[in-house]
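The primary structure of each chain is shown beneath.
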Amino acid sequence: MEALRLTVCEFTSALRDKGVTPEGVLISLKTLLNNRSLPLIPPYADWSGYQLREQISTWCIKEFFRKETA
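Residues numbered from 1 in each chain as written. Predicted model: local features only at pLDDT ≥ 70, side-chain atom pairs only at ≥ 80, totals over all residues. Heavy atoms only, no water.

## Brief notes about the overall build of the protein chain
Along the protein chain, the regular secondary structure elements total 4 helices and 0 strands. Reading the protein chain from its N terminus to its C terminus gives the helix and strand order α-α-α-α. A buried classification covers 30% of the 70 residues belonging to the protein chain. Taking as baseline every contact in the protein chain between residues at least 6 positions apart, the subset at least 24 positions apart corresponds to 53%. Carbon and sulfur atoms form 60% of the exposed surface of the protein chain, whose accessible area is close to 4800 Å². (Helix = DSSP H or I, 4+ residues; strand = E, 2+ residues; numbered from the N terminus. Buried < 20%, exposed > 50% of the residue type's maximum accessible area, 1.4 Å probe, protein only. Contact = heavy atoms within 4.5 Å. Areas by Shrake-Rupley, 256 points an atom, 1.4 Å probe, with all protein chains shown as cover.)

This is the structure:
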């Protein structure tokens, strides 16, 4: 899980640093998850589905605003 969290944070930071809005980063991340990374895990499933996507989204949002709160 830690490797996944770090990857999400790097993805988020890269897009943020390019000037992408918070909404744009989250949309890009969710599109990537739904189309490439986790297409076989339905978003309404158990922990490995919905909750995992929710956790990934939370990491993304926290990373995007990390520098503002530091």
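Still more ground to cover, so stick around.
## Points about the pattern of salt bridges
Tallying each qualifying case throughout the model produces 4 salt bridges. A salt bridge links Arg5 to Glu2, with the nearest nitrogen and oxygen atoms 2.6 Å apart. In this pair, Arg5 and Glu2 are both assigned in helix 1 (residues 2-17), 3 residues apart and thus about one turn of the helix distant. You can call Arg5 partly exposed: its relative accessible area is 26%. Arg16 is the salt-bridge partner of Asp17, the closest N and O atoms lying 3.4 Å from each other. On the basis of relative accessibility, which here comes to 13%, the residue Arg16 falls in the buried class. Each of Arg16, Asp17, Glu63 and Arg66 takes part in one network of salt bridges that share partners. (Salt bridge = Lys/Arg side-chain N within 4 Å of Asp/Glu carboxyl O.)

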